[in-house]
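Chain and residue survey
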Amino acid sequence: SEPKLNEEKTKNIILYFLNKLGGMSEKKLQMLLYFASYDYFEKEEEHLTGLVFYKTKNGIFIKKLNEILIKMIKQKEIKLI
């Protein structure tokens, strides 16, 4: 079964990455979220955000990430550049 998505924690992590590293592509954000989640799971044996990651031929795909990013844009938490 899929882990429970913690949308607020996911948003906070996205904002942290953007504040520390500046603007970035969605692909880079996906990789950062993947590595942060993987590292956290290795250490704590629990999910960091509840995001579900899929490996594709084009790299990592994160289920529901687009929905979260669109909400953040609509709520003016982030902006496209």
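These figures come from a predicted structure and were not determined experimentally.

Quick look at the packing of aromatic side chains now. By the definition in use, this model includes five aromatic pairs. When the centroid spacing of 6.2 Å and the interplanar angle of 35° are considered together, the rings of Tyr-54 and Phe-61 count as tilted. For Tyr-54, a relative accessible area of 37% gives the class partly exposed.

Our next topic: the environment of Leu-5. Inspection of the secondary structure puts Leu-5 in the segment before helix H1 (7-21). Ignoring anything within four residues of it in the chain, the contact list for Leu-5 reads Thr-10, Thr-49, Gly-50, Leu-51, Lys-64 and Ile-68.

An ideal rise of 1.5 Å per residue puts 27 Å on 19 residues; helix H2 (residues 26-44) measures up with 26 Å between its terminal C-alpha atoms. Every buried residue of H2 is listed here: Leu-29, Gln-30, Leu-33 and Ser-37. For H2, the arc enclosing every buried residue in end-on projection is 100°, short of the 170-degree limit, so these residues lie on one face. Turned more than 90 degrees away from the buried face of H2 sit Lys-27, Glu-42 and Lys-43, all of them exposed. Each element contacted by the buried residues of H2 is listed here: H1, strand S1 (52-56), strand S2 (59-63) and helix H3 (65-74). Directly after H2, the chain includes Glu-45, whose backbone phi takes a positive value near 55°.

Glancing now at the pairing of S2. When S1 meets S2, the two strands line up antiparallel, connected through five bridges. Looking at the pairing, Thr-56 lines up with Gly-59 of S2. Linkage of S1 to S2, two consecutive antiparallel strands, is achieved through a turn of two residues.

Rules and cut-offs
Every chain begins its residue count from 1, and numbering advances along the sequence as written. Per-residue local features are limited, in this predicted model, to residues with pLDDT of at least 70; the limit for side-chain atom pairs, both in listing and counting, is 80 or more; totals at the level of whole chains, interfaces and linings are taken over all residues. Excluded from the side-chain calculation are hydrogens and water; included are all heavy atoms of the structure. In this analysis, rings of Phe, Tyr and Trp, with Trp reduced to its six-membered ring, are considered paired at centre separations within 6.5 Å, and the interplanar angle assigns stacked below 30 degrees, edge-to-face beyond 60, and tilted for intermediate values. Accessibility here uses a 1.4 Å probe with only protein chains present; expressed as a share of the type maximum, an area under 20% marks a residue as buried, one over 50% as exposed, and anything in between as partly exposed. Going along the chain from the N terminus, every DSSP run of H or I of four or more residues is numbered as a helix, and every run of E of two or more is numbered as a strand. Residue contacts are counted whenever heavy atoms from the two residues lie within 4.5 Å of one another. The length a helix should cover is 1.5 Å for every residue beyond the first. By arc we mean the arc of the directions from the helix axis to the C-beta atoms, nothing more. Strand pairing is assigned whenever DSSP detects at least two bridges linking the two strands.

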